[in-house]
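What follows is each chain in one-letter form.
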Amino acid sequence: MSEKVYPVSPEVAAQAHIDNAKYEAMYEQSINDPDTFWGEEGKRLDWFKPYTKVKNTTFDPHNVDIRWFEDGTLNASYNCLDRHLETRGDQVAIIWEGDDPSESENITYRDLYERVCRFSNALKSQGVEKGDVVTLYMPMIPEAAIAMLACTRIGAVHSIVFGGFSPEALAARIEGASSKVVVTSNYSLRGGKVVPLKANVDKALEHPAAAAHVESVIVVKRVDQDVAWNEKVDVWYEGLVAAASAECAPEEMEAEAPMFILYTSGSTGAPKGLKHTTGGYMVYAAMTHEYAFDYKEGDIYWCTADVGWVTGHSYIVYGPLANGGTSLMFEGVPNYPDNSRFGRVIEKHKVNQLYTAPTAIRSLMQQGEDVLGDSDLSSLRILGSVGEPINPEAWNWYHRIVGQGRCPIVDTWWQTETGGMMILPLPGATALKPGSATRPFFGVQPALLDADGNELEGAVDGNLVLKDSWPGQSRSIWGDHERFIQTYFSTYKGVYTTGDGARRDEDGYYWITGRVDDVINVSGHRMGTAEVESALVAHPAVAEAAVVGYPHELKGQGIYVYVTLQSGYEQSDELMKELRLHVRKEIGPIASPDLIQFSPGMPKTRSGKIMRRILRKIAEDDFDALGDTSTLSDPTVVDDLIENRMNRK
Ligand code: WTA
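Calculation criteria
Residues numbered from 1 in each chain as written. Predicted model: local features only at pLDDT ≥ 70, side-chain atom pairs only at ≥ 80, totals over all residues. Heavy atoms only, no water. Near = heavy atom within 4 Å. Polar contact = N/O pair within 3.5 Å; in protein donor to acceptor, adjacent residues only side chain to side chain. Helix = DSSP H or I, 4+ residues; strand = E, 2+ residues; numbered from the N terminus. Nonpolar A, V, L, I, M, F, W, Y, C, P; charged D, E, K, R; others polar. Core = buried A, V, L, I, M, F, W, Y, C linked by side-chain atoms within 4.5 Å. Buried < 20%, exposed > 50% of the residue type's maximum accessible area, 1.4 Å probe, protein only. Contact = heavy atoms within 4.5 Å. Pairing = 2+ DSSP bridges. Axes fitted to C-alpha atoms, helices over the stretch in contact; angles between N-to-C directions. UniProt positions renumbered as here; feature names shortened; annotations may be inferred. Phe/Tyr/Trp six-rings, centres within 6.5 Å; stacked < 30°, edge-to-face > 60°. Lys NZ or Arg CZ within 6 Å of the ring centre and 35° of its normal.

Asks: Can you help me understand the site of the ligand in this one?
Replies: Inspection of the region around the ligand gives 17 residues, with Asp411, Thr412, Thr416, Asp500 and Arg526 positioned closest. A distance of 2.6 Å separates an oxygen atom of the ligand from a polar side-chain atom of Thr416. Elements with a contribution of two residues or more to the shell around the ligand: α13 (310-322), β20 (409-412) and β26 (510-515). Looking at the shell around the ligand residue by residue, the classes come out as six nonpolar, six polar and five charged.

Asks: Mind showing me how you'd approach the nonpolar core here?
Replies: Inside soluble globular proteins, nonpolar side chains tend to come together where they are buried. Grouped together as the largest cluster of nonpolar side chains are 116 residues, with contacts concentrated most on Leu112, Phe119, Tyr318 and Phe442. Sequence-distant contacts of Leu112, defined by excluding residues within four places in its chain, comprise Leu81, Ala93, Ile94, Ile107, Ile146, Leu149 and Leu321.

Asks: I keep staring at the sheet that holds strand β19 (residues 382-386) and nothing clicks. Help me out?
Replies: In sheet architecture, strand pairing relies on hydrogen bonds along the backbone and comes in two forms, parallel and antiparallel. What the seven strands build is an open sheet, ordered β5-β4-β17-β16-β18-β19-β20; its pairing is mixed. The two strands at the open ends of the sheet, each matched to only one other strand, are β5 (104-108) and β20. Averaged over all pairs of adjacent strands, the angle between strand axes in this sheet comes to 20 degrees, irrespective of strand direction. By the bridge criterion, four bridges tie strand β18 (residues 353-356) to β19 in an arrangement that is parallel.

Asks: Mind showing me how you'd approach the environment of Arg344 here?
Replies: Take Arg344: it is sitting in helix α14 (residues 341-349). Residues Arg344 and Pro358, spaced 14 residues apart in sequence, show a C-alpha to C-alpha distance of 19 Å. When sequence neighbours within four positions are dropped, the list of residues in contact with Arg344 reads Leu372, Gly373, Asp374 and Ser375.

Asks: Help me understand the UniProt feature "domain: AMP-dependent synthetase/ligase" (unreviewed entry) in the protein chain, please; the structure alone is not making it clear to me.
Replies: In this numbering, the UniProt entry assigns the feature "domain: AMP-dependent synthetase/ligase" (unreviewed entry) to residues 82-467. The annotated region residues 82-467 carries 31% helix and 23% strand content, and the separation between its end C-alpha atoms amounts to 37 Å.

Asks: Would you mind going over the packing of aromatic side chains with me for this structure?
Replies: Scanning all chains against the criterion turns up 39 aromatic pairs. Ring geometry for Phe162 against Phe165: centres 6.0 Å apart, planes inclined by 90 degrees, an arrangement best described as edge-to-face. Residue class for Phe165 comes out buried when judged on its relative accessible area of 10%. When the ring centre of Tyr6 is taken as origin, the NZ or CZ atom of Lys4, which lies over that ring, is 4.8 Å away.

Here is the structure:
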């Protein structure tokens, strides 16, 4: 824990939306009188039919039911586009910065509106109707945002699959959502390299269960190269929009109508499709974006996430555009054409707020203090961090080198499930402590529980739960409400269980300590260890596999794999290589094991359960903390494991 405290700068507080007195008053009202508080905040959106009810939620495990603004109607796309046309038609909505620094584009609200309307009509021409699911497998190009806004415009539900996922993972998600249409691009460009996205879709659709409902695959031509073509389903994006009208009336949606599905990893089973609904999500995304970044009219805001993750949903597209902001969308990577790219982009577009991940900060930090070259960073006002705990060294570097000692850092803790930021400092209100996400946002009631579910008071470590609902919360798991209840509302009764551990200090600040379940966080990407294990055991050479996280300098956590081979297979470097490739093929490059250790036996209890605690400690080289191993069915396994750790690669 870091001891240093950075007080709020008086200049920042003076012009901020929210200072400390206001934070405290608003927080209190948000908890004591949520109906009045959120009833007011909900007015930041335009509603077709105004709501009369605000909060109607229960975390009762027999009947988890979450509704916000339930009798109101609205449209997300309308709130991001149409309502800005009169006053901000010529203002830039999206600055697109291509992989190649010579490629960029400013898209005004009016342009974006027309392009979204055209694609909305194009989707309709492909048979997409209100309530249908459209899967997006896209690079970071304007068409990704356009496709999202077109879906929500016509009441279709989008399900975005990150472009780094494999055809297998994509197939499972297309199938899980019974998707009718897939939108992709022929290739994507990252760091100067061409990636065959469309070919991955083709491979995914070789699975009959995935192909079952797909009527068309709409392909954006990102790169001028040929691609395999299936006349029956494939159709060019460019042809469709050229033929479509530039006007498309937005569907009137109920507040609780599904808006999007987003798959994420948990500790057990296949990834789950979290369902987010329209009204509460939009209110929450817009409000958190405004307050966290102290966003003001005319600011240029840059979130470096990918739209395939929740951060891209809430803080590249929906939050900033609902606020009539200018959102920078970046196709490339931090080290192309060289390591100064982030600095060059900030300078080129005069970025005021930068929102990025600790893993990106650590990789810049490794390049030295002059990594951003002579880029002019004076436009920056506020910096954000998201995705994993930020270690104080990275925090201090970010503050000193990128923020030039001048910009507050908002370390924002939240999850795919929460829809928006939950624990974070507000720039004009909260003194900062490097490494702490600080205090809860409005309406958020964190608590720390012991293993038996008792609430702990004061400065203490515990399981982080949330005691009541907030509007941005996911409402269910697509098609499986029972699993939603099981996963989030059954470990401890009457609260939402986050799966994270946290410490609260004497000032009531929260320090997220990481996952308490079998989920690991690799470069800010959530990974279920069970998912990686089931990919591994699908390989004929593998009898048993156990996956744990271990501290990794750049990635935060790395993927450590223990493998027991089937008899008849020999350990070898080739087999290690093959297993790595196999996981990449099953899940995607982000799941590629960092270290593999062949282990003839696993540490198991007498009832046959693998003791991961021991595997974790060995992976961390923390042999003195193995704890009691006497309950193992064969305690000598541990000695073998320690000995063999020298051979891991
Ligand atoms: C972790 C990303 C510490 C946490 C928005 C959470 C963080 C998981 C932070 C959610 C942070 C995210 N400090 N840990 N500021 N932000 N996490 O669903 O473990 O991809 O449960 O959402 O990331 O990851 P997800």
